[in-house]
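Examination of the molecular architecture
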Amino acid sequence: MMPTPPQAYRAKPLALPDSPLSYAQRIQTPDGAQLATFVYGHLADGQVPVLVLHGNGGTHFTFASVIDRLVTAGLAVVAFDARSQGQSTRGTAPLTYEQMADDALVVLDALDIATAHVLGHSDGGIEALLLARDHAARMASIVAGGANLTPEGVIDEWDTAGSVRTNREWAAWLDEEEVPATIDPTLLPNAREALLDAELLQLMLDEPHIDAASLSSISCPACVLVGEHDCITREETEAIAAAIPGARLVTVPGVGHSLPRQAPDSVALQVLTNVLLAQ
C-alpha cells in the first residue's frame, strides 16, 4: 500500500513594488549568508533613507505598497530579504533576532549608510527595537509594527507549532526511501526549504526575550504600531510603548497583524511622521 504523504509544504507568492529600482545585489555577511538587497528610489548624498525589515517567512515584498508610497514622497527605501528567507541564504550563524538585527547593520555598512529611518514589521519590528536600543547612533527613527517582547506576547492564530511539525514531516518524507516511484521529488517543494521554514517558525516559539525596561535607552523618535485585531497581546504592545521615552502608540482600526498589506497608507504615514520629528 502506498504510504500517505504529509501535508505538502507550500512556497509563498511574491509581489514586486512598482517603484524604480536603483540597486539589486547580494551582500555577504561574516558568516557567509548572502542577503538579497534592493534600493528603491535614489540614494542621494545627505539623505537619510528608510530601511524596511519584514516579518517571519516573508520577503521585503511585504512592503511593496508602503515602499511605493515612501518613494513617491521623495524617500529612498533600502530593503533586503532576511537571512533564510526570500532570495537570501541561511549562512552558518545561529538564527536569532539579534543576528538578523546585525544583518541590517551589514547592509547599511555595505551601502555606506550612516543612519536610517527603520520600519520593521512583526519579526522586523522586534529587530527595529533591538537596533534602536543597541545601535542608537545608526537609527534616525523607528516604526515597530506588530512587535512582541516574549513568545507569550503572540496570540497564536496559525498553530505555529503545528506548522513546524508539518514542515519537518514533509522534509522527512521526501528524504525517506518509501517515497513512491510514481513521485519525482524534484517536482515538489524540497526538503531543505521546508526545514528552513520550520527553523524560522521555531524562532517565534523560542524568542524573543526582551526586558521592556531595556528599551528606555531608545532616544530616537519611535512609533509602536499595531492593528486593532493584531495577534500581539495588548499588554505587550502597551509595555513596549510605555518603555520607550516619548513613543507614539498608534492602533490602526479594522486590521489585523498584516499591517503593511492591509493598511499601507497608515504605515507610510507613521514613517513620514517620524521623518519630520527627526529633523
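In what follows, the structure referred to is the one given above.
We now turn to the structure provided with this report. Bear in mind the structure is a predicted one, so any value in this text is a computation, not a measurement.

1. What about the overall build of the protein chain?
The helix and strand tally for the protein chain stands at 8 helices and 8 strands. Taken over C-alpha atoms, the radius of gyration comes to 19 Å for the protein chain, in line with the 19 Å a tight globule of 279 residues would show. Considering only C-alpha atoms, the protein chain reaches an extent of 70 × 40 × 35 Å along its principal axes. Counting over 279 residues, the protein chain shows a buried share of 54%. Here the analysis covers contacts within the protein chain between residues at least 6 apart in sequence; of these, 75% occur between residues at least 24 apart.

2. As for the nonpolar core
Judged by nonpolar contacts, the single largest core of 47 residues is most densely connected at Leu51, Leu129, Ile142, Leu215, Ile240 and Ile244. Discounting chain neighbours no more than four positions away, the residues touching Leu215 are Leu129, Arg133, Leu149, Ile210, Ile240, Ala243, Ile244 and Pro245. Val50, Val66, Val71 and Leu225 belong to the second-largest nonpolar core, a separate cluster that totals 27 residues.

3. Notes on the pattern of salt bridges
All chains considered together, the criterion is met by 7 salt bridges. Asp134 is the partner of Arg133 in a salt bridge, and the nearest nitrogen-oxygen pair spans 2.7 Å. The class for Arg133 is partly exposed, based on a relative accessible area of 24%. Residue classification places Asp134 among the partly exposed positions, given a relative accessible area of 41%. Residues participating in the shared-partner salt-bridge network are Asp31, Arg83 and Asp103.

4. A short note on the packing of helix 4 (residues 160-175) against helix 5 (residues 191-206)
At a minimum axis separation of 8 Å, helix 4 and helix 5 run at an interaxial angle of 160°. Between helix 4 and helix 5, the interaxial angle falls into the category roughly antiparallel. Seen along the crossing, helix 4 lies across helix 5 with a hand that is left-handed. Taking contact as the criterion, the partners of Thr160, Ala161, Ser163, Val164, Asn167, Arg168, Trp170, Ala171, Leu174 and Asp175 in helix 4 are, on helix 5, Ala191, Ala194, Leu195, Asp197, Ala198, Leu201, Gln202, Met204 and Leu205. For the contact of helix 4 with helix 5, the residue count by class is 12 nonpolar, 4 polar and 3 charged.

5. Overview of the pairing of strand 3 (residues 50-53)
Judged by which residues are buried, strand 3 turns out to be covered on both faces: Val50 and Val52 on one side and Leu51 and Leu53 on the other are all buried. In the classification by handedness, the crossover that spans strand 3, the intervening helix 1 (residues 64-72) and the parallel strand 4 (residues 77-80) is right-handed. Inspection of the sheet shows strand 3 paired to strand 5 (residues 116-121) by 4 bridges, in the parallel sense. Bridging across to strand 5, Val50 finds its partner in His117.

6. Overview of helix 3 (residues 123-134)
Along its 12 residues, helix 3 runs 17 Å from first to last C-alpha, staying within 8% of the 16 Å computed at 1.5 Å per residue. Along helix 3, 10 of the 12 residues are buried, which leaves the element largely enclosed by surrounding structure. Those residues of helix 3 that fall on the buried side of the exposure criterion are Asp123, Gly124, Gly125, Ile126, Glu127, Ala128, Leu129, Leu130, Leu131 and Ala132. Buried residues in helix 3 make contact with strand 3, helix 2 (97-110), strand 5, strand 6 (139-145), helix 5 and helix 6 (234-243).

7. Here's the deal with helix 1
Looking only at helix 1, the buried set comprises Ala64, Val66, Ile67, Asp68, Leu70 and Val71. Downstream of helix 1 by one or two residues, Gly74 has phi in the positive range, about 100°.

8. Examining the state of the cysteines
Counted under the stated rule, the structure contains 0 disulfides. Of all cysteine sulfurs in the structure, the one in Cys223 sits closest to Cys220, which takes part in no disulfide; the separation is 11 Å. Of the cysteine sulfurs around Cys231, a residue in no disulfide, the closest is that of Cys223, at 17 Å.

9. A short note on the sheet that holds strand 3
Read from one edge of the open sheet, 8 strands run 1-2-4-3-5-6-7-8, paired in mixed fashion. Both outer strands of the open sheet, strand 1 (21-28) and strand 8 (248-252), are each paired with one neighbouring strand and no more. On average, each strand axis in the sheet is tilted by 20° relative to the strand beside it, whichever way the strands run. Note that strand 5 and strand 6 share 6 bridges and pair parallel. Paired with His121 across the strands is Gly145, a residue of strand 6. Running over the sheet, helix 3 touches strand 3, strand 5 and strand 6 and is turned about 150° from strand 6.

Parameters and conventions
- Residues numbered from 1 in each chain as written.
- Predicted model: local features only at pLDDT ≥ 70, side-chain atom pairs only at ≥ 80, totals over all residues.
- Heavy atoms only, no water.
- Helix = DSSP H or I, 4+ residues; strand = E, 2+ residues; numbered from the N terminus.
- Rg over C-alpha atoms; globule rule 2.2 N^0.38 Å.
- Buried < 20%, exposed > 50% of the residue type's maximum accessible area, 1.4 Å probe, protein only.
- Contact = heavy atoms within 4.5 Å.
- Core = buried A, V, L, I, M, F, W, Y, C linked by side-chain atoms within 4.5 Å.
- Salt bridge = Lys/Arg side-chain N within 4 Å of Asp/Glu carboxyl O.
- Axes fitted to C-alpha atoms, helices over the stretch in contact; angles between N-to-C directions.
- Parallel < 35°, antiparallel > 145°, perpendicular 65-115°, else oblique.
- Left-handed = near helix turned anticlockwise from the far one by under 90°.
- Nonpolar A, V, L, I, M, F, W, Y, C, P; charged D, E, K, R; others polar.
- Right-handed = clockwise from strand over helix to strand, strands pointing away.
- Pairing = 2+ DSSP bridges.
- Expected span 1.5 Å × (residues − 1).
- Disulfide = S-S within 2.5 Å.

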